[in-house]
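Residues per chain, in single letters:
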Amino acid sequence: MGKIISQDELIQVAAREKRGGRRVVFTNGCFDLLHPGHVRCLAEARALGDVLVVAINSDRSVRGNKGPERPFVAEQDRAEVLAALASVDYVTIFDEPTPRELISRVLPSVLVKGADWAPDQVAGREEVEAAGGLVVSIALAPGYSTTKLFQRIRNAGASVSAAPGNSNNKP
């Protein structure tokens, strides 16, 4: 078994880890265009326990949440990049708009979200707290945002194509 696992495998792994007295930390997101803000947040999340699980939105889920232009990177590629990080122990993909059901089945010791999420909007919060777990908000690294990166890329492309003498019609 590698680091990218199915939801059923994750549920089994989490149960085994918890039986062994290890603290399972769970976080989720799109993780489209991975940037230093993501890496720092994941390292902080990993420091809160023994095993870090990252659940990523499927491509379909990202489109539903972020719009038809997203994701920029396919789900398997996003999972592969996340799995390559030393702080990440397991990656799984979910297809729903939120991972609430998956969280209720994993019941991690710690559920982590970025501070841009209000506590009452964190999917799975009620389930984790009812099981005695913690919900932790991690401050975002200033200056990093996938949406803002995309806007900068789009603006740079627009200014290049609008430059005098630029022709996208090649013979």
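Look above for the structure.
Residues numbered from 1 in each chain as written. Predicted model: local features only at pLDDT ≥ 70, side-chain atom pairs only at ≥ 80, totals over all residues. Heavy atoms only, no water.

1. A look at unusual backbone geometry
Part 1 of the argument: Geometrically, the link from Arg70 to Pro71 is a cis peptide bond, its omega value of 0° lying close to zero.
Part 2 of the argument: Positive phi values are uncommon outside glycine, yet Phe31 reaches one of about 50°.
Part 3 of the argument: Structurally, Phe31 is set in the loop between strand 1 (24–29) and helix 2 (36–46).
Part 4 of the argument: For Leu33, which is not glycine, the phi torsion reads 55° and is therefore positive.
Part 5 of the argument: The topology assignment puts Leu33 in the loop between strand 1 and helix 2. (Helix = DSSP H or I, 4+ residues; strand = E, 2+ residues; numbered from the N terminus.)

2. Concerning the pattern of salt bridges
Part 1 of the argument: Inspection of the entire model under this criterion finds 11 salt bridges.
Part 2 of the argument: When the shortest N-O distance is used, the salt bridge between Arg100 and Glu126 registers 2.9 Å. One end of the pair, Arg100, is in helix 5 (residues 100–106); the other, Glu126, is in helix 6 (residues 125–130), with 26 residues separating them in the sequence.
Part 3 of the argument: Here Glu129 ties to Arg125 by a salt bridge, and the two come within 3.3 Å at their closest N and O atoms. Of this pair, Glu129 and Arg125 both sit in helix 6, 4 residues apart, which is roughly one turn of the helix.
Part 4 of the argument: Overall, Glu129 belongs to the partly exposed group, its relative accessible area being 40%.
Part 5 of the argument: A cluster of three or more residues bridged by salt bridges with shared partners is formed by Arg100, Arg125, Glu126, Glu127 and Glu129. (Salt bridge = Lys/Arg side-chain N within 4 Å of Asp/Glu carboxyl O. Buried < 20%, exposed > 50% of the residue type's maximum accessible area, 1.4 Å probe, protein only.)

3. Considering helix 2
Part 1 of the argument: Residues of helix 2 that are buried: Gly37, His38, Cys41, Leu42 and Ala45. The buried residues of helix 2 all sit within an arc of 130° when viewed along its axis, so they share a single face. (Arc of directions from axis to C-beta.)

4. Some words on helix 3 (residues 59–66)
Part 1 of the argument: Inspection of helix 3 places Asp59, Ser61 and Val62 among the buried residues, and these make up the whole buried set. One side of helix 3 holds all its buried residues, which, seen down the axis, span an arc of 160°. Exposed residues lying more than 90 degrees from the buried face of helix 3 are Arg60 and Gly64.
Part 2 of the argument: Buried residues along helix 3 sit in contact with strand 2 (51–57), helix 4 (75–83) and strand 3 (90–94).
Part 3 of the argument: Backbone geometry just downstream of helix 3 places Gly67 in the positive-phi region, at approximately 110°. (Contact = heavy atoms within 4.5 Å.)

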